[in-house]
Amino acid sequence: MACTLDRNDPLGGLPPKHCLDGNYKPVFTDRLQLEEALLFCKNTLESNLKENVNLVRVSAPLFVTRSSGFNDNLNGVERPATFEPRDFPGVHLEVPFSLAKWKRWALHYYKVEAGKGIVTDFRGLRCDDDVDFTHSLYVDQFDWEKHISKEDRNVEYLKETVKAIYKALYDTEQAVCKKYGIESVLPEELTFATSDDMIKDHPHATPKQRENILCEKHKAVFFIGIGGMKEDGSLRHDGRAPDYDDWITERPDGGFGLNGDLLLWNPVLKQSFEISSMGIRVNPEVLLKQLDLCHVPERKNFVWHEMLLDGTLPQTIGGGIGQSRTCQFLLRACHIGEVQHGWYNPAEVEILKKDGINLLGLGEFEADPAAKSS
């Protein structure tokens, strides 16, 4: 999701002004009822995903070795949370940003056949993420990956998979709204659009503005073609690492990339709202090209990359669906901290508390121990 956080604003992480000053009322005020609703949202969505996309739940690692190359590099500049085991100095373990690479290896490890996939309950840390009303240092998502054939590496297969995922989300919203008396907002049909066309149609708009234009009109959009550069050297829409999604393959429509973001119009925030990033993954040829484009050809010597290049790892499609982000949308919360235990700007926590917006576990003490470093 294109972020609009103004780092020069000391309170830039607050929700939009129309959500403040008493204009927003949370669906749940009882904390235990909220926790029950969160579990219902997550369990329902996971069940729908497994059925619609043919996925099996597997366990997942909380950390990986740096030398394996299994960690997701995101945009290539973020710092991972790293530690050394007490009795093994020099061994660097990292908390993954996501399981984009690990899942592909897991399909090989579990010997998953083509047409079937896996889903994990992923928990991670992103130390360099923006911290605002939709972003957190703590990441929880349904990380999924599916084994596909070489012939499935095309935009039509991408779209069919996206439709299955959106149907899982749509059915989840229907169930949540029925159970808790919330008005449903998602359309039955998903709209597809491309970053290439939106740049042509709105050349002077920012990425976030283009997302807003699409989502306000259609309410639910899959935005194809994330990553890579425009002719002027600026990002085409948003950044992507070179070694998971394929963002350079030309499509029949003349655009580039076999990946995208699932975006919704958030009726509380009144802006576009990313639920998932996903795509068809790189094959050996695309991997080498994208590594060169990102000036990191040395990554091909990592264990994971060697396994992909020598054909050990299967062709796949995959992505991540934010659990807390989805709950924030389904339960109509204006701040992601209302649906997950995270850490946010203490000054903002106090402002939100005075406005009746309580973040889980924060703002409970005059000198909040959660805001201290020691």
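This text follows the structure it describes.
Everything quoted here is computed from the prediction, not taken from an experiment.

A.B. asks: I'd like a rundown of the packing of aromatic side chains, residues and numbers included.
C.D. replies: Remark: the centre distance and the inter-plane angle together describe each pair of aromatic rings, the angle taken between the planes. Scanning all chains against the criterion turns up nine aromatic pairs. Pairing W102 with W105 gives two aromatic rings, centres 6.0 Å apart and planes at 50 degrees, and the pair type is tilted. Taken together, the residues span about one helical turn, with W102 and W105 both in helix α2 (residues 100-109) at a distance of three residues. With centroids separated by 4.8 Å and ring planes inclined at 20 degrees, the aromatic side chains of W105 and Y109 adopt a geometry described as stacked. Note that W105 and Y109 are positioned in helix α2 at a spacing of four residues, about one turn of the helix. Among the aromatic residues, ring-to-ring pairing joins F70, W102, W105, Y109 and Y110 into one connected group. Above the ring of F192, the side-chain terminus of K159 is found at 5.4 Å from the ring centroid. Directly above the aromatic system of F273 lies the positively charged group of R325, at a separation of 5.7 Å from the ring centroid.

A.B. asks: So what about the pattern of salt bridges? Which residues, and what values?
C.D. replies: Tallied over the full model, the rule gives 23 salt bridges. We note a salt bridge from D171 to K167, for which the minimum N-O separation is 2.7 Å. With D171 and K167 both in helix α3 (residues 155-180) and four residues apart, this pair spans about one turn of that helix. Among the salt bridges present, the one from D245 reaches R240, with a minimum N-O distance of 3.8 Å. Each member of the pair, D245 as well as R240, is classed as buried. Connected via shared salt-bridge partners are K103, D143, E145, R240, D245, D261 and R281.

A.B. asks: Explain the layout of surface pockets residue by residue, including any values.
C.D. replies: What the second largest pocket holds in volume is close to 350 Å³. If you go around the second largest pocket, you meet 20 residues; those closest to its centre are F28, T29, R31, L34 and N358. Among the residues forming the lining of the second largest pocket, the class breakdown is eleven nonpolar, four polar and five charged.

A.B. asks: Break down the sheet that holds strand β11 (residues 316-322) for me, with residues and values.
C.D. replies: Ordered by their spatial adjacency, eight strands build an open sheet running β1-β5-β6-β11-β10-β9-β8-β7, and the pairing between neighbours is mixed. In this open sheet, the two strands that pair with only one neighbour each are β1 (55-57) and β7 (191-194). With direction set aside, neighbouring strand axes in the sheet form an average angle of 30 degrees. Bridge analysis of β7 against strand β8 (residues 220-224) gives four bridges, and the strand direction is parallel. Of the residues in β8, the one forming a bridge with T191 is V221. Against the sheet, helix α1 (residues 31-53) contacts β1, β5 (117-125), β6 (138-147) and β11, and its axis sits at roughly 15 degrees relative to β6. α3 rests against β6, β7, β8, β9 (259-266), β10 (271-280) and β11 of the sheet, and its axis sits at about 130 degrees to β10.

Rules and cut-offs
Residues numbered from 1 in each chain as written. Predicted model: local features only at pLDDT ≥ 70, side-chain atom pairs only at ≥ 80, totals over all residues. Heavy atoms only, no water. Phe/Tyr/Trp six-rings, centres within 6.5 Å; stacked < 30°, edge-to-face > 60°. Helix = DSSP H or I, 4+ residues; strand = E, 2+ residues; numbered from the N terminus. Lys NZ or Arg CZ within 6 Å of the ring centre and 35° of its normal. Salt bridge = Lys/Arg side-chain N within 4 Å of Asp/Glu carboxyl O. Buried < 20%, exposed > 50% of the residue type's maximum accessible area, 1.4 Å probe, protein only. 1 Å grid on protein atoms, 1.4 Å probe; cavity = no way out; pocket = protein on both sides within 12 Å on 5 of 7 lines; lining within 4 Å. Points joined across faces, edges and corners; volume = space filled by probe spheres on them. Nonpolar A, V, L, I, M, F, W, Y, C, P; charged D, E, K, R; others polar. Pairing = 2+ DSSP bridges. Axes fitted to C-alpha atoms, helices over the stretch in contact; angles between N-to-C directions. Contact = heavy atoms within 4.5 Å.

All we've got here are geometric facts, nothing functional implied.
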